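Remarks on the overall topology
So the chains spell out like this:
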Amino acid sequence: MLFSFIFSFLAVNIFDVPLSTYIAYVVTGFVIWDFIAGSINGGTVSFQAAEGYLKQVRLPLILFPMRTVTFLAANFMFGTIAAAVVIAATTPSSISWTWIFWPLSLLMTYILALPLATISAIANLKYRDYSHAVSLIVFLMWYLSPALIAREVYEKENLKLFTDLNPFASLIDIFRDPMLNGLAPSQHDILLVLFYSAALWTISLAWLAAERKRLVFYL
């Protein structure tokens, strides 16, 4: 509640954003960020929660972080419905044909979230206090991505380059631009997310293959 009050004050009184617009802005940012952060933080316990299966049945290991991410994808669907209701109530002018791009935002987030969850699942078994460290990193990225603070702040000289290279900012834009701004996702955002996704899939699958026979001994 305190954070909501602070950012509402900033948006209305400093960034000169109407309260109704800010509410829709925050909701659309929160829905996509909950998917991203949940995949990273929730991924840390994907293998631990499946300890019984891992010790008794040989299943593809990626199924366990996939279960986590798929659950969050379902939450994202319901969150999008809530966001659409909020947008319709607060900024009805934002309702647009561009909402048809919503499945793209789900797909792009899923393909980035799954390797992130897989990496978190492995790292949490191998490295002590990983879950605490990654929670702090996620919390920091929350403020370095345009989820709460007005988007134009991230276009300033000191932040623009970082924002342009931040896949989380691109995912938020891929979701928010069609839902709130009546814009199709930009080519830059799509290509950036695909680049990071390819890199993370390569890392996660290679690490999973290298640790496959040892993971059960970390439990």
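Below is a summary of the structure that appears in this document.

What counts as what
- Residues numbered from 1 in each chain as written.
- Predicted model: local features only at pLDDT ≥ 70, side-chain atom pairs only at ≥ 80, totals over all residues.
- Heavy atoms only, no water.
- Helix = DSSP H or I, 4+ residues; strand = E, 2+ residues; numbered from the N terminus.
- Expected span 1.5 Å × (residues − 1).
- Buried < 20%, exposed > 50% of the residue type's maximum accessible area, 1.4 Å probe, protein only.
- Phe/Tyr/Trp six-rings, centres within 6.5 Å; stacked < 30°, edge-to-face > 60°.
- Lys NZ or Arg CZ within 6 Å of the ring centre and 35° of its normal.
- Contact = heavy atoms within 4.5 Å.
- Salt bridge = Lys/Arg side-chain N within 4 Å of Asp/Glu carboxyl O.
- Bend = angle between axes of the 7 residues up to and from the residue.
- Polar contact = N/O pair within 3.5 Å; in protein donor to acceptor, adjacent residues only side chain to side chain.
- Axes fitted to C-alpha atoms, helices over the stretch in contact; angles between N-to-C directions.
- Left-handed = near helix turned anticlockwise from the far one by under 90°.
- Nonpolar A, V, L, I, M, F, W, Y, C, P; charged D, E, K, R; others polar.
- Patch = residues over 30% accessible without salt bridge, like charges linked within 9 Å, V, L, I, M, F, W, Y side chains within 5 Å.
- Areas by Shrake-Rupley, 256 points an atom, 1.4 Å probe, with all protein chains shown as cover.
- Parallel < 35°, antiparallel > 145°, perpendicular 65-115°, else oblique.

Comments concerning helix 9 (residues 187-211)
Between its terminal C-alpha atoms helix 9 stretches 36 Å, which fits the 36 Å expected from 25 residues at 1.5 Å a residue. Within helix 9 the residues assigned to the buried category are Asp189, Leu192, Val193, Ser197, Leu200, Ser204, Leu208 and Glu211.

Thoughts on the packing of aromatic side chains
Given two aromatic rings, their pairing is described by the distance between the two centres and the angle made by the two planes. For the structure shown, the criterion picks out 11 aromatic pairs. Ring geometry for Phe47 versus Phe64: centroids 6.4 Å apart, planes at 75°, classification edge-to-face. Placement of Phe47 in the loop between helix 2 (19-43) and helix 3 (51-56) and of Phe64 in helix 4 (residues 63-90) is noted, with a sequence separation of 17 residues between them. Comparing Phe47 with Phe64, the two get one shared label, buried. Ring centres of Trp142 and Tyr143 lie 6.4 Å apart, and the angle between their planes is 85°; on these two criteria the pair is classed as edge-to-face. For Trp142, a relative accessible area of 14% corresponds to the buried category. Taken together, the ring pairs in this structure connect Trp33, Phe139, Trp142, Tyr143 and Phe168 into an aromatic cluster. Above the ring of Tyr25, the side-chain terminus of Arg176 is found at 3.6 Å from the ring centroid.

A closer look at the environment of Ala184
Checked against the element boundaries, Ala184 lands in the loop between helix 8 (167-181) and helix 9. In the structure, Ala184 is positioned 11 residues away from Asp173 in sequence and 9.7 Å away in space, judged by C-alpha atoms. Discounting residues that sit within four places of it in the chain, Ala184 has contacts with Thr98 and Phe101.

Side note on the pattern of salt bridges
As enumerated under the stated definition, the model contains 5 salt bridges in all. The salt bridge involving Arg151 is made with Asp173; its shortest N-O contact spans 2.8 Å. Residue Arg151 is located in the loop between helix 6 (130-144) and helix 7 (157-164), and its partner Asp173 is located in helix 8; the two are separated by 22 residues in the primary sequence. Accessibility classification places Arg151 together with Asp173 in one group, the buried group. A salt bridge links Glu155 to Lys160, with the nearest nitrogen and oxygen atoms 3.1 Å apart. Given the relative accessible area of 34%, Glu155 is considered partly exposed. On the basis of relative accessibility, which here comes to 34%, the residue Lys160 falls in the partly exposed class.

Quick notes on helix 8
Because an α-helix packs 3.6 residues into every turn, residues spaced three or four apart end up facing the same way. Residue Phe175 marks the point of greatest curvature in helix 8, where the axis turns by about 30°; the proline Pro178 follows within four residues. Of all 15 residues in helix 8, 14 are buried; the element is thus mostly enclosed. Backbone nitrogen of Phe168 and a side-chain oxygen of the N-cap are separated by 2.9 Å at the start of helix 8; the cap is Asn166. Just beyond helix 8, the residue with positive phi is Gly182, at close to 65°.

Considering the packing of helix 4 against helix 8
Packing of helix 4 against helix 8 leaves a shortest axis separation of 11 Å and a crossing angle of 30°. Classified by chirality, the crossing of helix 8 by helix 4 is right-handed. Listed contacts from helix 8 to Phe76, Thr80, Ala84 and Ile87 of helix 4 are Phe175, Met179 and Leu180. In the contact of helix 4 with helix 8, the residues fall into 6 nonpolar, 1 polar and no charged.

Here we look at a nonpolar patch on the surface
The grouping of Phe78, Ile81 and Val85 at the surface amounts to a nonpolar patch, some 340 Å² of accessible area in total. By secondary structure assignment, the location of Phe78 is in helix 4. Given the relative accessible area of 60%, Phe78 is considered exposed.

Points about the packing of helix 5 (residues 102-126) against helix 8
Taken N-terminus to C-terminus, the directions of helix 5 and helix 8 make an angle of 155°; their axes are 8 Å apart at the nearest point. On the basis of their axis angle, the class for helix 5 and helix 8 is roughly antiparallel. Taken as a pair, helix 5 and helix 8 cross one another with a handedness that is left-handed. Mapping the contact onto sequence places Trp102, Ser105, Met108, Thr109, Leu112 and Leu116 in helix 5 and Pro167, Phe168, Leu171, Ile174 and Phe175 in helix 8. Split by residue class, the contact of helix 5 with helix 8 holds 9 nonpolar, 2 polar and no charged.

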